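# Structural description and commentary
What follows is each chain in one-letter form.
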Amino acid sequence: MASMLDRLLAQDISDSTDFPDDTTTPGLRAFDDALRCSICRDFYDAPVSLNCGHTFCSACIRSALPEQPQCPTCRKPATEVHLRKNVAMESAVQAWQAARPLILRYAQEEQKRKEQPAMLPHTRHEPNPSGRAGRKRRRLDSPGPSASSDDEAIAIPSSPVPSGSSTPDISPLPDLVACPICQKDVPSSSINMHIDSGCKRYLSEGSASGAPLPDAAKSKQKQQWSRLLAGSGGSAPSKGGKGKGKGKSRATPDPLSDTDAEQHLPKVAYDIHPQKRIAEMLAAWDLPAHGDKAALARRHARWVVLYNANVDRAARQRRTLEQLRQDLRRAEDAEGRGRRVVVEDAVAYQRANKAAFARLTEAARPKKPAAAKAGSPGPDGAGSAGAEADGQTRDGRPTPVPEVIDVDEG
Amino acid sequence: MDQITSSLAPRASAKPSVAGAGGDPAGSVTKRLTSELMTLMMSTSPGISAFPKSDANLFDWAGTIEGPAGTVYAGLKFKISINFPPNYPMAPPAIKFDSPCYHPNVDINSGGICLDILQDKWSAVYSVQTILLSLQSLLGEPNNASPLNPDAAAIWDSPEDFKTQLLKYYRPICDESSD
């Protein structure tokens, strides 16, 4: 049991309880939680919203709706046509994922300080750590070292790096957006704070002077803005870009808009198609066609979910078809693994669990000795599960008892 | 089993700091189950606990539920088993009582449970924690309209008799210490 715990902790699965509770860092835990899908418990990946306003990862809700055509949270009837991209949530998640390691470190420092009130005097006079975190992040986010020459703009204050801080490994956020009011470039994560400050603060270092940007970057920003402002404009972001009242109207079409026009794949009624037809559908996407009809249908349905979820991602977040194929392969592998008990070192495992085996054997014997013998899967259970269990694992639900007894005997 | 219960105690800074996205070789089901396990361990829901039965299989859990205070089940502890399907959380886990539980909505022999959220009212946002809490409240507030155990449903209104029957079937779970 203890080793299971260690393994889980080593897996780097983050959740909102990483943060201290509300008495130490008010709101942080809830904030982290608010950016997570309630189906997969991870940060939103290609977030989409239903009519009721509840948001899920695109892949999560597209997997859940075929089971039950309703919102998983509030049970309001829902179908896939109701799904709308939630681009604001997507950018919020991206920004938070970039900021999180640093914020987490400061939060934990804060917790430590509160736990030990008797500290060195100078640490008490340090400014509020969350404020420092914000400034530092901006410094890290800024793409270039060139200094601002704009007078009215308070660019990045060159505050000394807090003592004892090893610079965390945060990749700089590449996404700058042009402020709709002052037209200056601002990290998209800080745009709201920038506007709130009357366009005076939170400017990005390199571009505060209004140096003209390359066309591509500019139109990309425009596209980002059009997406933010268009809200649920699902399929045609290039259309939203025009007539937004920007100073210079640039007609350069964005190269990304071509791929952005990708359509969702339609769902397939597999029951009315012969196996051969489903195999052809898989082949059209270069997907493997092994397995029986049910396996093929499952594979294709999963592909449609992955593909459609990918369409719901922002264009620059999209994965390539080859990556999607890998995702599909991984998902199928993981499903196989989940059913199967992988025991790497059978002898050690047997020794470690001897007591449990003995108890299970005792518990099973008086009831049905014959069934236990007949049900034992032969050499399968004794450590070679990885090699042989492929076929039996998908549907059959091997009860642990016979298998464990088998290990005990062998 | 003591170990499982003690894992409910709040752990001060037991978790290492976790960085954002690590590589994810595990499937999303494994990830979700791991996350649920974390939540259960870090939260302090009184009277419920759950943990994987063995180190090797994250899809098979054992849990305990304490009877809610102020009901006939107060002070009693029940063992349950939780089996997750490969498409969890799109489909509900299979849950049954391992200790005999005399209750209108629990089959006294098989341990099967009649609870709507475990069947057609399942939702992908439910978790082990919400299930265990629902079961805990089901103990005190049975649905006598659709009983799995008609005898229990019949005498629910006379707590004295019910308690007698309950204790007749009840087996304390502390005899299994190796789990």
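Keep in mind that what you see is a predicted model, and the values were worked out from it rather than measured.

Calculation criteria
- Residues numbered from 1 in each chain as written.
- Chains lettered and ligands numbered in written order.
- Predicted model: local features only at pLDDT ≥ 70, side-chain atom pairs only at ≥ 80, totals over all residues.
- Heavy atoms only, no water.
- Helix = DSSP H or I, 4+ residues; strand = E, 2+ residues; numbered from the N terminus.
- Buried < 20%, exposed > 50% of the residue type's maximum accessible area, 1.4 Å probe, protein only.
- Contact = heavy atoms within 4.5 Å.
- Areas by Shrake-Rupley, 256 points an atom, 1.4 Å probe, with all protein chains shown as cover.
- Core = buried A, V, L, I, M, F, W, Y, C linked by side-chain atoms within 4.5 Å.
- Expected span 1.5 Å × (residues − 1).
- UniProt positions renumbered as here; feature names shortened; annotations may be inferred.
- 1 Å grid on protein atoms, 1.4 Å probe; cavity = no way out; pocket = protein on both sides within 12 Å on 5 of 7 lines; lining within 4 Å.
- Points joined across faces, edges and corners; volume = space filled by probe spheres on them.
- Nonpolar A, V, L, I, M, F, W, Y, C, P; charged D, E, K, R; others polar.
- Pairing = 2+ DSSP bridges.
- Axes fitted to C-alpha atoms, helices over the stretch in contact; angles between N-to-C directions.
- Polar contact = N/O pair within 3.5 Å; in protein donor to acceptor, adjacent residues only side chain to side chain.
- pLDDT = per-residue confidence, 0-100.
- Salt bridge = Lys/Arg side-chain N within 4 Å of Asp/Glu carboxyl O.
- Left-handed = near helix turned anticlockwise from the far one by under 90°.
- Phe/Tyr/Trp six-rings, centres within 6.5 Å; stacked < 30°, edge-to-face > 60°.

### Comments concerning the overall build of chain A
Along chain A, the regular secondary structure elements total 19 helices and 5 strands. Evaluated residue by residue, chain A yields a buried proportion of 41% over its 410 residues. Expressed as a percentage of contacts within chain A between residues at least 6 apart in sequence, the contacts between residues at least 24 apart total 58%. Accessible surface for chain A amounts to roughly 21,900 Å². Of this, 55% is attributable to carbon and sulfur atoms.

### A look at the overall build of chain B
If you tally the helices and strands in chain B, you get 5 helices and 4 strands. Helices (α) and strands (β) of chain B occur, in sequence order from the N terminus, as α-α-β-β-β-β-α-α-α. In chain B, 60% of the contacts between residues at least 6 apart in sequence involve partners at least 24 apart. Carbon and sulfur atoms make up 54% of the accessible area of chain B, which amounts to about 7,500 Å² in all.

### Looking at the nonpolar core
Generally speaking, a soluble globular protein has its nonpolar side chains buried in company with each other. Residues and elements named next belong to chain B. If you look at the biggest cluster of nonpolar residues, it comprises 42 residues, and the most contacted ones within it are Trp61, Tyr73, Phe78, Ile82, Ile113, Val128 and Leu135. Those elements giving two or more residues to this core turn out to be α2 (28-42), β1 (48-52), β2 (60-66), β3 (77-83), β4 (94-97), α3 (128-140) and α5 (159-169). In this structure Leu135 touches Ile65, Ile80, Ile95, Ile113 and Leu115, once residues within four positions along its chain are discounted.

### Re helix α12 (residues 293-311) of chain A
Residue pairs spaced three or four apart in an α-helix point in one direction, given the helix's 3.6 residues per turn. For α12 of chain A, spanning 19 residues, the distance from its first C-alpha to its last is 27 Å, which sits close to the expected 27 Å at 1.5 Å a residue. α12 of chain A sits mainly inside the fold: 14 of its 19 residues count as buried.

### Re the UniProt feature "domain: RING-type" (unreviewed entry) in chain A
The feature "domain: RING-type" (unreviewed entry), as annotated in UniProt, sits at residues 37-75 of chain A in this numbering. Taken as a whole, residues 37-75 of chain A contains 18% helix and 15% strand, while its terminal C-alpha atoms sit 16 Å from one another.

### Digging into empty space enclosed by the protein
This model, assessed by the stated rule, comprises 4 cavities of 30 Å³ or more. Considering only enclosed or pocket space, the largest cavity measures out at about 70 Å³ in volume. Considering the residues around the largest cavity, the lining is formed by Ala64, Glu67, Gln68, Gln70, Cys71 and Pro72 of chain A together with Pro89, Met90, Trp122, Ser123 and Ala124 of chain B. Here the lining of the largest cavity is composed, by residue class, of 7 nonpolar, 3 polar and 1 charged.

### Section: the sheet that holds β3 of chain B
Residues and elements named next belong to chain B. Reading across the sheet, the 4 strands line up as β1-β2-β3-β4 and stay open at both edges, with antiparallel pairing between neighbours. Edge positions in the sheet fall to β1 and β4, since each has one partner strand and no second. In this sheet, adjacent strand axes meet at a mean angle of 20° when their direction is disregarded. Across 4 bridges, β3 lies against β4 in antiparallel orientation. Bridging across to β4, Ile80 finds its partner in Phe97.

### Observations concerning the sheet that holds strand β3 (residues 84-85) of chain A
Residue and element names in this part refer to chain A. Read across the open sheet, the 3 strands follow the order β2-β1-β3; overall the sheet is antiparallel. What marks the edges here is a single partner per strand, and that holds for β2 (55-57) and β3. Relative to β3, strand β1 (residues 47-49) runs antiparallel, the two being bridged by 2 bridges. The residue bridging Ser49 from the neighbouring strand is Arg84, located in β3.

### Notes on the side chain of Arg325 of chain A
All names here are of chain A. Its location among the elements puts Arg325 in helix α13 (residues 321-339). Here Arg325 falls in the buried class, since its relative accessible area comes to 15%. At 3.0 Å, the side chain of Arg325 forms a polar contact with the side chain of Glu322.

### Quick word on the confidence of the model for chain A
Residue and element names in this part refer to chain A. Predicted confidence across chain A gives a mean pLDDT of 69, with 52% of residues reaching 70 or more. For residues 123-173, every residue scores under 50 in pLDDT, and the model assigns this stretch 74 contacts once sequence neighbours within four places are set aside. For residues 368-410, every residue scores under 50 in pLDDT, and the model assigns this stretch 55 contacts once sequence neighbours within four places are set aside.

### Regarding the pattern of salt bridges
For side chains bearing opposite charge, pairing can occur when the charged atoms are close. Residue and element names in this part refer to chain A. Under the defined criterion, the tally for this structure stands at 17 salt bridges over all chains. Here Glu109 ties to Arg105 by a salt bridge, and the two come within 3.6 Å at their closest N and O atoms. Taken together, the residues span about one helical turn, with Glu109 and Arg105 both in helix α4 (residues 87-115) at a distance of 4 residues. By relative accessible area, Glu109 is classed as partly exposed at 34%. By relative accessible area, which is 23% here, Arg105 ends up partly exposed. Between Arg319 and Asp327 there is a salt bridge, with its nearest N and O atoms 2.7 Å apart. Its relative accessible area of 28% is what places Arg319 among the partly exposed residues. Given a relative accessible area of 15%, Asp327 falls into the buried group. Within the structure, one salt-bridge network assembled from shared partners comprises Asp18, Asp32, Arg36 and Arg100.

### Points about the packing of helix α11 (residues 275-284) of chain A against α12 of chain A
Residues and elements named next belong to chain A. Interhelical geometry of α11 versus α12 gives an angle of 35° and a closest axis separation of 10 Å. Our pair here, α11 against α12, has a crossing hand that is left-handed. In this structure, α11 uses Gln275, Ile278, Ala279, Met281 and Leu282 to contact α12, whose residues at the interface are Lys293, Leu296, Ala297, Arg299 and His300.

### Some remarks on the pairing of β1 of chain B
Residues and elements named next belong to chain B. When you tally the buried positions in β1, you get 5 out of 5 residues, the bulk of the element. Burial along β1 is two-sided: the residues Ile48, Ala50 and Pro52 and Ser49 and Phe51 are all buried. Bridge count for β1 against β2 is 5 bridges, and the pairing is antiparallel. Counterpart to Ala50 in the pairing with β2 is Gly63.

### Here's the deal with the side chain of Arg313 of chain A
All names here are of chain A. Along the chain, Arg313 turns up in the loop between α12 and α13. We classify Arg313 as buried; its relative accessible area is 11%. Reaching out from Arg313, the side chain makes a polar contact with the side chain of Asn310 at a distance of 2.7 Å. For Arg313, the contacting residues outside a window of four places in its chain are Asp45, Ala46, Lys85, Glu90, Arg318 and Arg319.

### A closer look at the packing of aromatic side chains
What describes a pair of aromatic rings is the distance from one ring centre to the other and the angle between the planes of the rings. Residue and element names in this part refer to chain B. Tallied over the full model, the rule gives 16 aromatic pairs over all chains. Between the aromatic rings of Tyr88 and Trp122, the centroid separation amounts to 6.1 Å while the plane-to-plane angle is 40°, which identifies the pairing as tilted. With Tyr88 in the loop between β3 and β4 and Trp122 in the loop between β4 and α3, the pair connects residues that are 34 residues apart, well separated along the chain. Among the aromatic residues, those joined into a ring-pair cluster are Tyr73, Phe78, Phe97, Tyr102, Trp156, Phe162, Tyr169 and Tyr170.

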